[in-house]
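Understanding the architecture of this molecule
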Amino acid sequence: MSPTPQDAPKRVLLARPRGYCAGVDRAVQTVEQAIEHYGAPVYVRKQIVHNLHVVRSLEARGAIFVEENDEVPEGSIVVFSAHGVAPEVHEQAAARNLRAIDATCPLVTKVHHEARRFANEDFDILLIGHEGHEEVVGTSGEAPANITLVDGPEAVAGIEVRNPEHVVWLSQTTLSVDETMETVDALKRKFPALQSPPSDDICYATQNRQAAVKIIAPQVDLLLVVGSSNSSNSVRMVEVALAAGAPQAHLVENAAAIEEGWLAGVRTVGLSSGASVPEVLVTEVLAWLADRGYDATDEVTHVEERLTFALPQELRRDLRVSRAATSG
Ligand code: SF4
């Protein structure tokens, strides 16, 4: 699109939905409630969600983040992150007598179920996702002998399967919808009998945040996505914005990370945030922009989200028991 005329008022287009999804909200609440119920410290394996602000806030309340179960003292509480874990992580926790609370997002768990089901039917499973991402590591661990990672359309040429007539694709939940379909198209050209998952693996929150960014991207001179660089869905939103016509788009951890130079000649700023980002960080960016004259904000809504998830059952059970004891 052509840039906004230089006499146009400075303004911000705020994408909606943005920020916390149901799975992140549940995971953060899980750690908060676990600390409140069991007392600090509560150990958390990996970043509970991929956002530094969230991790630091939970550390201040008494969470201790570790990389692996063997860093957790025997008998302690450990929370598994929203990205999911391989079955062997549960086994290691049991062997160390840890009390595990699994905060894996139910939409990631759904992909784990699909992986197990197709592996039981001895499919070759082509898992579209990013090498090394925690979610991919967890899903692959469900059926390592059956799963092959496909990291983007350019990886398709090197993919081999045992039986091209018995092959299915699954995906990480936080990918770019468009790039994933490119990868699927390339896979279908190579394996015409390729089957699709029974329902979308890319989750509603990822899809909605990308769709909202696509709506505003052609109307802005600069698009900012608040999110951490290890947050897959946040990084994808920047890519989607650029592909949808934003002349420049940047991922920023917080307001302090915005570079003044990006604002040169900019009248309309687009703003959104990844699914692991608390709204306070967006509010701070809005204040930063308002200080520089971008004080008119219009929210552009793609869809209203109302989904919520119940806390992990092992935590709900303990909370119920303690409430019953208190009221009795
Ligand atoms: Fe769950 Fe999607 Fe949120 Fe990941 S981004 S935690 S899969 S709802």
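Use the structure listed above.
Cut-offs used in this document
- Note on numbering: residues in each chain are counted from 1, in written sequence order.
- Thresholds applied to this predicted model are a pLDDT of at least 70 for local features of residues and 80 or more for the giving and counting of side-chain atom pairs; totals over whole chains, interfaces and linings are not thresholded and use all residues.
- Calculation of side-chain values draws on the structure's entire complement of heavy atoms; hydrogens and water are dropped beforehand.
- The numbering of helices and of strands both runs from the N terminus, where a helix is a DSSP run of H or I of at least 4 residues and a strand a run of E of at least 2.
- Two things to know: the radius of gyration comes from C-alpha atoms, and the globule rule equals 2.2 Å times the number of residues to the power 0.38.
- Only protein chains enter the accessibility calculation, which uses a 1.4 Å probe. A residue is then buried if its area is under 20% of the maximum for its type, exposed if over 50%, and partly exposed in between.
- We call two residues in contact when some of their heavy atoms are within 4.5 Å.
- His is not counted here, nor are the chain ends, while Lys and Arg score as positive and Asp and Glu score as negative.
- Note that the charge is assigned to NZ on lysines, CZ on arginines, CG on aspartates and CD on glutamates.
- A strand pair is defined by DSSP finding two or more bridges across the two strands.
- Where helices are involved, their axes are fitted lines through C-alpha atoms of the stretch in contact, as for all axes, and angles between N-to-C directions lie from 0 to 180°.
- A single heavy atom is enough: if one lies within 4 Å of a molecule or strand, its residue is considered near that molecule or strand.
- Each residue is assigned to one class: nonpolar for Ala, Val, Leu, Ile, Met, Phe, Trp, Tyr, Cys and Pro, charged for Asp, Glu, Lys and Arg, and polar for all the others, Gly among them.
- When describing relative orientation, an angle under 35 degrees is termed roughly parallel and one over 145 degrees roughly antiparallel, while 65 to 115 degrees is termed roughly perpendicular and anything else oblique.
- For the purposes of this section, nonpolar cores are sets of buried Ala, Val, Leu, Ile, Met, Phe, Trp, Tyr and Cys residues that join through side-chain atoms within 4.5 Å.
- For this quantity, the arc is that covered by the directions from the helix axis to the C-beta atoms.
- In protein, a polar contact requires one atom able to donate a hydrogen and another able to accept it; more generally it is a pair of N or O atoms within 3.5 Å, and residues adjacent in sequence count only if both atoms are side-chain atoms.

On to the overall build of the protein chain. When helices and strands are tallied, the protein chain shows 10 helices and 12 strands. For a compact globule of 328 residues, the expected C-alpha radius of gyration is about 20 Å, and the protein chain comes in at 21 Å, within 12% of that figure. Projected onto its principal axes, the C-alpha coordinates of the protein chain cover approximately 65 × 60 × 30 Å. Buried residues in the protein chain amount to 51% of all 328 residues. Nonlocal contacts in the protein chain, meaning residues at least 24 apart in sequence, comprise 76% of its contacts between residues at least 6 apart. In the protein chain, 28 side chains carry a positive charge and 46 a negative one; their mean positions are 5 Å apart.

Looking now at the sheet that holds strand E9 (residues 222-226). Ordered by their spatial adjacency, five strands build an open sheet running E10-E9-E11-E1-E12, and the pairing between neighbours is parallel. At either end of the open sheet lies a strand with only one pairing partner, and these are strand E10 (249-252) and strand E12 (296-301). Averaged over all adjacent pairs, the angle separating strand axes in this sheet is 25°, with direction ignored. Bridge count between strand E1 (residues 11-16) and E12: six bridges; the pairing is parallel. Bridge pairing links arginine 16 to threonine 301 in E12. Sheet contacts for helix H8 (residues 232-243): E9, E10 and strand E11 (268-273); angle to E10, the most-contacted strand, approximately 165°.

Looking at the ligand, the residues that line it are Cys21, Gly23, Val24, Cys105, Leu107, Val108, Thr173, Thr174, Cys203 and Tyr204. For the shell around the ligand, the secondary structure elements donating two or more residues are helix H1 (22-38) and helix H4 (106-120). Grouping the constituent residues of the shell around the ligand by class yields seven nonpolar, three polar and no charged.

So, on to the packing of H1 against helix H2 (residues 52-61). Two numbers describe how H1 lies on H2: the axes approach to 10 Å, and their chain directions differ by 10°. It follows from the interaxial angle that H1 and H2 lie roughly parallel. Only Val54, Leu58 and Arg61 of H2 make contact with H1, whose side of the interface consists of Val28, Val31, Glu32 and Ile35. For the contact of H1 with H2, the residue count by class is five nonpolar, no polar and two charged.

Right, let's get into the sheet that holds strand E8 (residues 167-171). One open sheet holds the three strands; their spatial order is E7-E6-E8, and the pairing between them is parallel. The open sheet has two edge strands, strand E7 (147-150) and E8, and neither has a second partner. Strand-to-strand, the axes of this sheet are offset by a mean angle of 30°, without reference to chain direction. Both strand E6 (residues 124-128) and E7 contribute to a ladder of four bridges, which runs parallel. By the bridge assignment, isoleucine 128 is partnered in E7 with valine 150. The strands touched by H4 are E6, E7 and E8; relative to E8, the strand with the most contacts, the crossing angle is about 165°. Against the sheet, helix H6 (residues 177-190) engages E6, E7 and E8, with an angle of about 150° to E6.

This next bit is on the nonpolar core. Val31, Ile48, Val49 and Val79 are the most contacted members of the largest nonpolar core, which totals 27 residues. Listed by contribution, the elements that provide at least two residues to this core are H1, strand E2 (42-45), H2, strand E3 (63-66), strand E4 (77-80) and helix H10 (313-327). Per element, the largest residue contribution to this core is six residues, and it comes from H1. In terms of nonpolar packing, the next biggest core, distinct from the first, is built from 20 residues, Val269, Leu271, Val277 and Val282 among them.

With that out of the way, let us pick up H2. The set of residues buried in H2 consists of Val54, Val55 and Leu58. Down the axis of H2, the sector holding all buried residues measures 100°, keeping them to one side. One side-chain oxygen of the residue at the start of H2 lies 3.1 Å from the amide nitrogen of histidine 53, identifying that residue as asparagine 51. Positive phi shows up at glycine 62, right after H2, with a value of about 125°.

Take the environment of proline 218 next. Examined against the element boundaries, proline 218 turns out to sit in the loop between helix H7 (204-216) and E9. Judged by its relative accessible area of 32%, proline 218 falls in the partly exposed class. Between the C-alpha atom of proline 218 and that of proline 247, which follows or precedes it by 29 residues, the distance is 8.3 Å.

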